[in-house]
Amino acid sequence: MNTENINLGDTVTDFGDTTKLVRQALSNINTDDGNGDWEQKYVLKTVLQEVEEMIIELNLKGSVRERSNGLIEFRNPKLGSVYGRTKEEISEKIAKKLRELQSHIKKPTKKKKSKTPLLSDFYRTSYLPYKQSKNKARNTIIGYESNMRYIVAHGFDKPLGDYTSINIEEFLYSIPQTRKRQIMQGFLNNLFNRAIAQLIIRENPCTPIEKMEHDGTVGTAIEFWEQKIFFKTLFETPKLSLVKKYYLLFVFLTGTRRNEALGVRQCDVDFERKVMHISGTKTDGSDRYIPLFPMIEKILQNLSPENGLYFPFSYKVADDALKICTKNHRLHDLRHTFGTIQICVENVNIKTVSLWLGHSNIQTTLKTYTHPDQLDKALFLRGDISEEEKIPLLKEQYEEILRMIHEFLG
């Protein structure tokens, strides 16, 4: 017999053919027990008692009472009130209500299995090979891998067709670092666009989501007195290998971004022509050529590339290397220092510095790298020295830094 579970008050009762069940209960109550004393046992029972016994027999929760108009009322939290003058009338009405209640119970529907692949599977079999075919820089690929690991580790790996704008937005806002939110939003957006191109999904769930805001701080140049401490620590610390020391010098002397420096390969350096290719991906002008400065040439000649890479380690290793030498600055501040020195101290043309830095337009260079006071705040607060006299004093301090580096390189 097919059954459905209906919770009536505190009791769970199994109902299939509810009318048959109610009548069976009545039959059990009104059947002669063979002793010939049926009338004697039941004739004196009131309708109220009969209904009470029927309710117990049916295992229903509720109360039975006789109203002032003579009607018997049975009350149940699920069925409500049932009225009648006889047990049979009440039993039929209960059976009817149970059938109605049973007809409104929705059978659980089986969840349709998604036909789209898991995000991680799509990434591994399709997206990553596609990006690798585009000759993306090694550190760009490392970034993709890091993003995918983060998604899987935080339980956000699901079939492509199961993602919605709402759950993606919730996931993005669960990331504490605002810059990481931006990176992850772009990563997911590109993944879904690739899935659309392959006709796996029809719409990109990232499209309606507003761009994540990044509340990052603006970089600043390192003052010369701090540079002296920084380089003294860098050259003397036993905690850093020579290649890591060379890496920090490379960033300081070229103004390259962290991952750009990590991506420099042996084939990017032309020792004969004294130029170096920087494979940038951040802006339209970030892929560029810069001079092979004399100190940089010496650094690279002292290194033995590993699989073609001069600096074969991750961006985290690079960041940690800087923290050993200074707790007050980020790696990007070395780039900021290079740009500020070239424009404000060495007096290199702003357009030239903009090209070296890989800026998409000169306005970025003008806005960010034309503040000589960042190199020596105390000097620029002095009123007894003219502005023209301050630049030569900055130049003297920079030459002292260069001498420290030159002595280290030997």
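The text that follows walks through the structure, step by step, so that each part is easy to find. (Residues numbered from 1 in each chain as written. Predicted model: local features only at pLDDT ≥ 70, side-chain atom pairs only at ≥ 80, totals over all residues. Heavy atoms only, no water.)

As enumerated under the stated definition, the model contains 22 aromatic pairs in all. Geometrically, the ring pair formed by Tyr123 and Phe187 is edge-to-face, given 6.0 Å between the ring centres and 65° between the ring planes. Linking Tyr123 in helix 5 (residues 119-133) with Phe187 in helix 8 (residues 178-197), this pair joins segments that are 64 residues apart in sequence. Accessibility expressed as a relative area gives 0% for Tyr123, which makes it buried. Following the ring pairs from residue to residue traces out a cluster consisting of Phe230, Phe231, Phe235, Tyr246, Phe252 and Phe408. Here Lys158 stacks its cationic end above the ring of Tyr163, 5.6 Å away from the centre of that ring. (Phe/Tyr/Trp six-rings, centres within 6.5 Å; stacked < 30°, edge-to-face > 60°. Helix = DSSP H or I, 4+ residues; strand = E, 2+ residues; numbered from the N terminus. Buried < 20%, exposed > 50% of the residue type's maximum accessible area, 1.4 Å probe, protein only. Lys NZ or Arg CZ within 6 Å of the ring centre and 35° of its normal.)

Let us look at the layout of surface pockets. Looking at the second largest pocket, its volume works out to about 210 Å³. In this structure, the second largest pocket is lined by Phe252, Leu253, Phe293, Pro294, Met295, Phe338, Ile341, Gln342, Glu346, Trp356, Tyr398 and Leu402. Only helix 10 (242-254), helix 12 (294-301), helix 14 (332-344) and helix 18 (387-409) provide two or more residues apiece to the lining of the second largest pocket. Tallying contributions element by element places helix 14 first for the lining of the second largest pocket, with three residues. Of the residues in the lining of the second largest pocket, the class split is 10 nonpolar, one polar and one charged. (1 Å grid on protein atoms, 1.4 Å probe; cavity = no way out; pocket = protein on both sides within 12 Å on 5 of 7 lines; lining within 4 Å. Points joined across faces, edges and corners; volume = space filled by probe spheres on them. Nonpolar A, V, L, I, M, F, W, Y, C, P; charged D, E, K, R; others polar.)

It is possible for side chains bearing opposite charge to pair when their charged atoms get close. Considering all chains together, one arrives at 18 salt bridges under this definition. Between Arg257 and Glu260 there is a salt bridge, with its nearest N and O atoms 2.6 Å apart. Here Arg257 falls in the buried class, since its relative accessible area comes to 13%. For Asp320, the salt bridge identified is with Lys316, shortest N-O distance 3.1 Å. Of this pair, Asp320 and Lys316 both sit in helix 13 (residues 315-325), four residues apart, which is roughly one turn of that helix. Using a relative accessible area of 52% as the deciding quantity, one classes Lys316 as exposed. What emerges from the salt-bridge pattern is a single network uniting Arg65, Arg67, Glu73 and Arg75. (Salt bridge = Lys/Arg side-chain N within 4 Å of Asp/Glu carboxyl O.)

Before going further, it helps to examine the sheet that holds strand 5 (residues 80-84). Taking strand neighbours across the sheet as the criterion, the three strands line up as 3-4-5 in an open arrangement whose pairing is antiparallel. Each end of this open sheet is capped by a strand with a single partner; those strands are strand 3 (63-66) and strand 5. Averaged over all adjacent pairs, the angle separating strand axes in this sheet is 20°, with direction ignored. Examined bridge by bridge, strand 3 and strand 4 (residues 72-76) share four bridges and lie antiparallel to one another. When the sheet's bridge partners are listed, Ser63 is paired in strand 4 with Arg75. Here helix 3 (residues 47-58) sits on the sheet and contacts strand 3 and strand 4; the angle it forms with strand 3, its principal contact strand, is near 170°. (Pairing = 2+ DSSP bridges. Axes fitted to C-alpha atoms, helices over the stretch in contact; angles between N-to-C directions. Contact = heavy atoms within 4.5 Å.)

Quick look at the pairing of strand 5 now. Pairing of strand 4 with strand 5, which is carried by five bridges, proceeds in the antiparallel orientation. Each residue of the ladder has a partner; that of Asn76, found in strand 5, is Gly80.

Treat this as a map of the structure, not an account of what it does.
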